[in-house]
Protein chains: 2
Amino acid sequence: MDTREKILDTALTLFNKEGTAAVSTNHIAEAAGISPGNLYYHFHNKQEIIRELFQRLNIIWETLESIPQDHAPVMADLKTVIEANYKIIWQYRFLYRELVALLRQDTELRTSFLAVRQRGFDGFHELLHMFSEAGVLDLPDDPKVVNELQEICWLISEFWLTNLEVNGLKVNEAEMQRGVNLIFRVIQPYLA
Amino acid sequence: MDTREKILDTALTLFNKEGTAAVSTNHIAEAAGISPGNLYYHFHNKQEIIRELFQRLNIIWETLESIPQDHAPVMADLKTVIEANYKIIWQYRFLYRELVALLRQDTELRTSFLAVRQRGFDGFHELLHMFSEAGVLDLPDDPKVVNELQEICWLISEFWLTNLEVNGLKVNEAEMQRGVNLIFRVIQPYLA
DNA sequence: GTCTATATAATGATAGAC
DNA sequence: GTCTATCATTATATAGAC
């Protein structure tokens, strides 16, 4: 495998396991089976590795955005979307656990992350309105209320896994399903 | 002021501003206007400072628990409780931003934090049922559904401020109010 | 590209004087 | 209780050989 990719994969695994603060470039190099000098040949510093992992995540989100919908939306689609979201977040969980600190360290990264995130948020907004038009959802007329519901759903999707970890619960399919249920619970009163 | 307290106050300010990883014991000592050696006279290490700050927070939560209710609950009471919650969390925001990492580092701390948190969660459950008995809320019969609603409210209260910080928004009264509104939005469909 | 060796700086932590 | 001085350790980062 490409050494650069091996470093990134190893770093991701270690960051997810122990957090960015506890993992040094030496740790990453050792776990990747290369020398510290070699790591610095491929990356200028730890921050650059983190930035690259964010970039990977951004690409995943952007890929997800562009999947075309070939049928009228049904509730099962929403479930699929939410599950996919949880899985991606779980893959890059260290980023979501440490979001405030990581975004503060790196303005460039912050800008691109928030831009992609905003597009995801807007996409979710569209999805809700597609459900509304398909007669599956009966959304309130007040756009402010719809926006609030959306913010709640977004908050759950972004922090549910962190919440599980705080509780010391093992993150598995069943717990992810509970996270899906929570989001459904939010919109359940507005089902047509 | 008591040096020990001064260290804790200074550490809290710095942790909130820059995160625990970026703040060393030397930084804390310098900002507190004392020598590094003096800091180590009062605390064995940085972890002990963090643990003590958690302990302070636990005491605040426990104090909040024991406030007696002298009248039948109305919605304004819920608002008051939620606002108080946000303010406390904001005061100790570094803990909530870094919860996963901090609880993992320290088993003892983890146990006591989760115990106090669980009591808060149970207290919220009671509060909901008091609203139900007072005829303000019309909760679903299914306890699983009630539990889900509660989990959603809890998630919002614990992560709303972090979410604001991720978005780069200034945390002020107006934004906290929006966080209160979100929780009200969750239970709004169940108002009697 | 990859390694070994090493420079530099920071951090956590202690000893001993006052 | 508080300071200064100091140390061991670790982390980041670079130089130069292969």
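Preceding this paragraph is the structure being described.
Since the model is a prediction, treat every value here as computed from it, not as a measurement.

## Some thoughts on the overall build of chain A
(1) Moving on: When its secondary structure is counted, chain A shows ten helices and zero strands.
(2) Moving on: Reading chain A from its N end, one meets helices and strands in the order α-α-α-α-α-α-α-α-α-α.
(3) Moving on: Each of the three principal axes of chain A carries a C-alpha extent, and together these read 60 × 30 × 30 Å.
(4) Moving on: Within chain A, the fraction of its 192 residues that count as buried is 48%.
(5) Moving on: A total of about 9,200 Å² of accessible surface is found on chain A, and carbon and sulfur atoms cover 53% of it.
(6) Moving on: Of the side-chain charges in chain A, 18 are positive and 27 negative, and the distance between the mean point of each set is 8 Å.

## Some points on the interface of chain A and chain B
(1) Moving on: In this complex, chain A contributes 36 residues to the contact, which on the side of chain B involves 36 residues.
(2) Moving on: Here chain A packs against chain B, burying approximately 3,100 Å² in sum over the two surfaces, 61% of which is carbon and sulfur.
(3) Moving on: Ranking the residues of chain A by area buried against chain B places A:Leu155, A:Val166 and A:Arg185 at the top, with a combined share of 21%.
(4) Moving on: Summed over the shared surface of chain A and chain B, the number is six salt bridges.
(5) Moving on: Across the pair A:Arg185 and B:Glu148 runs a salt bridge whose closest N-O atoms are separated by 2.7 Å.
(6) Moving on: Taken together, the connections running from chain A to chain B amount to 14 residue pairs in polar contact (both at pLDDT 80 or more).
(7) Moving on: Where the side of chain A that touches chain B is concerned, the elements lending two or more residues are α1 (3-18), α7 (99-105), α8 (107-133), α9 (143-166) and α10 (173-187) of chain A.
(8) Moving on: The greatest single-element share of the side of chain A that touches chain B, amounting to 14 residues, is contributed by α9(A).
(9) Moving on: Of the residues assigned to the side of chain A that touches chain B, the class counts are 17 nonpolar, seven polar and twelve charged.

## Remarks on the pattern of salt bridges
All names here are of chain A.
(1) Moving on: Scanning the model with the defined rule gives 28 salt bridges over all chains in all.
(2) Moving on: Residues Glu83 and Lys79 are paired through a salt bridge, measuring 2.9 Å at the closest nitrogen-oxygen approach. Placement of both Glu83 and Lys79 in helix α5 (residues 75-91) is noted, with a separation of four residues, approximately one turn of the helix.
(3) Moving on: Note on Glu83: relative accessible area 23%, which makes it partly exposed.
(4) Moving on: Classification of Lys79 as partly exposed rests on a relative accessible area of 31%.
(5) Moving on: One network of salt bridges, in which partners are shared, links Glu5, Asp9 and Arg56.

## Let's talk about the protein's contact with DNA strand D
(1) Moving on: With respect to spatial proximity, 16 residues lie near DNA strand D, and among them A:Thr25, A:Tyr40, A:Asn45, B:Ser35 and B:His42 are the closest.
(2) Moving on: Between DNA strand D and B:His42 there is a distance of 2.9 Å, counted from a phosphate oxygen to a side-chain nitrogen or oxygen.
(3) Moving on: Residues belonging to the surface near DNA strand D are distributed by class as follows: three nonpolar, twelve polar and one charged.

Conventions we followed
Residues numbered from 1 in each chain as written. Chains lettered and ligands numbered in written order. Predicted model: local features only at pLDDT ≥ 70, side-chain atom pairs only at ≥ 80, totals over all residues. Heavy atoms only, no water. Helix = DSSP H or I, 4+ residues; strand = E, 2+ residues; numbered from the N terminus. Buried < 20%, exposed > 50% of the residue type's maximum accessible area, 1.4 Å probe, protein only. Areas by Shrake-Rupley, 256 points an atom, 1.4 Å probe, with all protein chains shown as cover. Lys, Arg positive; Asp, Glu negative; His and termini not counted. Charge placed at Lys NZ, Arg CZ, Asp CG, Glu CD. Contact = heavy atoms within 4.5 Å. Buried area = accessible area lost by both parts, 1.4 Å probe. Salt bridge = Lys/Arg side-chain N within 4 Å of Asp/Glu carboxyl O. Polar contact = N/O pair within 3.5 Å; in protein donor to acceptor, adjacent residues only side chain to side chain. Nonpolar A, V, L, I, M, F, W, Y, C, P; charged D, E, K, R; others polar. Near = heavy atom within 4 Å.

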